[in-house]
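Here is how the chains run, residue by residue.
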Amino acid sequence: MKRTAYFISDGTGITSEALGHSLLAQFDSIEFEQITLPYIDSPSKAKEAVALINNAAIVNGIRPLIFDTVVNEDIRNIIAESNAFKIDVFSSFLKPLENELDAHSNYSVGKSHGIVERTRYKDRIDSVNFAIDNDDGAKTRQYANADIILVGVSRCGKTPTCLYMAMQFGLRAANYPLTEDDLEFNKLPEVLAEHKHKLHGLTIDPFQLSAIRHERRANSKYASLDQCDFEVREVEKLFKKLNIPMINTTNFSIEEISTRIMAQTGLERKMN
């Protein structure tokens, strides 16, 4: 079965996407075509969206789904006229919350993703820049300022995890690739040894690692299964020997890897 899902907002659409993705992920037997319609902030845009949605209902022979975070009530009413199953985030959640808190919402567009606090926004950017500057062991002299240093073999997910932790949690995350030369000595490079308390290991299934590396350097020793198996085996041996906490990234998304690391290390997010 295939259904079409629309994420509609008079802002960026990030909130409607986040809610919609979370809910739709629970239905793995259904394939969803997911379409985001951001900045639907006028009646004319709303009518165009309704026409698009109604056409999809005709073409597919079944009504689409709508996840809606539109603030303006007039625009929401226009969207409500579409031939779709509609989940209105504001009416479903904000109204009951207003009643519980005995207070009226500001009904501000995009407030949860706006630059509400300049200092916090600057901290996020600084964290991202730190992750980029300290990618793949680029500036090891800055490790004293790192909140966490991810270590593992090449292409096991260190870089995207660092960037996610910087963006979402405001952490200064660095990463260092353990090479074949490092692993042959079965000890940490000197630059990492003094920061051992900040290290967290990443490992991965050798077959998946080989497939990932083949996309980068096809038919090379670097991508061969034997090489990947050797590196993974040796890096896991090193982590266990030095009691460095580790996580296998094979079956986890970047979001899951990051939050599991946070839970394992006891690190706290630096921004909300």
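Look up: the structure comes first, before these words.
Everything quoted here is computed from the prediction, not taken from an experiment.

### Structural notes on the packing of helix H2 (residues 43-60) against helix H3 (residues 73-80)
A pair of packed helices is characterised by two quantities: the angle between their axes and the separation of those axes. Packing of H2 against H3 brings their axes to within 9 Å, and their N-to-C directions diverge by 20°. Here H2 lies roughly parallel to H3, going by the angle between them. For H2 against H3, the interelement crossing comes out right-handed. Of H3, the residues touching H2 (which contributes Pro-43, Ala-46, Lys-47 and Val-50) are Ile-75, Ile-78 and Ile-79. Of the residues in the contact of H2 with H3, the class split is six nonpolar, no polar and one charged.

### Things to note about the pattern of salt bridges
This model, assessed by the stated rule, comprises eight salt bridges. Its salt-bridge partner being Asp-88, residue Lys-86 comes within 3.3 Å of it at the nearest N-O pair. Under the relative-accessibility criterion, Lys-86 is labelled partly exposed at 23%. Between Lys-237 and Glu-234 there is a salt bridge whose closest N-O contact spans 3.2 Å. With a gap of three residues between them, Lys-237 and Glu-234 both fall in helix H10 (residues 225-241), about one helical turn apart. Here Glu-234 falls in the buried class, since its relative accessible area comes to 13%. In the salt-bridge network here, residues are joined through shared partners; they are Asp-68, Arg-76, Lys-86 and Asp-88.

### Describing unusual backbone geometry
A positive phi is found at Tyr-39, a non-glycine position, where the angle reads about 55°. Among the structural elements, Tyr-39 can be located in the loop between strand E2 (31-37) and H2. For Tyr-39, a relative accessible area of 44% puts it in the partly exposed group. A positive phi is found at Asn-186, a non-glycine position, where the angle reads about 55°. Inspection of the secondary structure puts Asn-186 in the loop between helix H7 (180-184) and helix H8 (190-193).

### A short note on helix H4 (residues 89-101)
Its 13 residues place the ends of H4 17 Å apart at the C-alpha level, agreeing with the 18 Å of an ideal helix rising 1.5 Å per residue. Every buried residue of H4 is listed here: Val-89, Phe-90, Leu-94 and Glu-98. The buried residues of H4 occupy an angular sector of 90° when the element is viewed end-on, so they sit on one face. Exposed residues pointing more than 90 degrees away from the buried face of H4 are listed as Asn-99 and Glu-100. If you follow the buried residues of H4, they end up packed against helix H1 (14-24), strand E3 (65-68), H3 and strand E4 (85-88). One or two positions beyond H4, positive phi appears at Asp-102, with a value near 55°.

### Concerning the pairing of strand E6 (residues 173-177)
Most of E6 is tucked away, with five of its five residues classed as buried. Summarising the sheet, strand E5 (residues 148-152) and E6 pair through five bridges and their orientation is parallel. Paired with Val-151 across the bridge in E6 is Tyr-176. Once the chain exits E5 it traverses helix H6 (residues 158-169) before rejoining the sheet at E6, and the crossover so formed is right-handed.

### Comments concerning the nonpolar core
Ranked by size, the top nonpolar core spans 37 residues in total, and within it Ile-149, Val-151, Leu-178, Leu-192 and Ile-261 carry the most contacts. Counting residues per element, the ones that place at least two in this core are helix H5 (118-133), E5, H6, E6, strand E7 (199-203), H10 and helix H11 (254-265). Here the element with the most residues in this core is H10; it accounts for five residues. With near-sequence residues (within four places) excluded, Ile-261 lies in contact with Ile-148, Leu-150, Thr-161, Met-165, His-200, Leu-202 and Ile-247. Listed in part, the 15 residues of the second largest apolar core include Ile-8, Leu-37, Val-70 and Ile-78.

The rules behind the values
- Residues numbered from 1 in each chain as written.
- Predicted model: local features only at pLDDT ≥ 70, side-chain atom pairs only at ≥ 80, totals over all residues.
- Heavy atoms only, no water.
- Axes fitted to C-alpha atoms, helices over the stretch in contact; angles between N-to-C directions.
- Helix = DSSP H or I, 4+ residues; strand = E, 2+ residues; numbered from the N terminus.
- Parallel < 35°, antiparallel > 145°, perpendicular 65-115°, else oblique.
- Left-handed = near helix turned anticlockwise from the far one by under 90°.
- Contact = heavy atoms within 4.5 Å.
- Nonpolar A, V, L, I, M, F, W, Y, C, P; charged D, E, K, R; others polar.
- Salt bridge = Lys/Arg side-chain N within 4 Å of Asp/Glu carboxyl O.
- Buried < 20%, exposed > 50% of the residue type's maximum accessible area, 1.4 Å probe, protein only.
- Expected span 1.5 Å × (residues − 1).
- Arc of directions from axis to C-beta.
- Pairing = 2+ DSSP bridges.
- Right-handed = clockwise from strand over helix to strand, strands pointing away.
- Core = buried A, V, L, I, M, F, W, Y, C linked by side-chain atoms within 4.5 Å.

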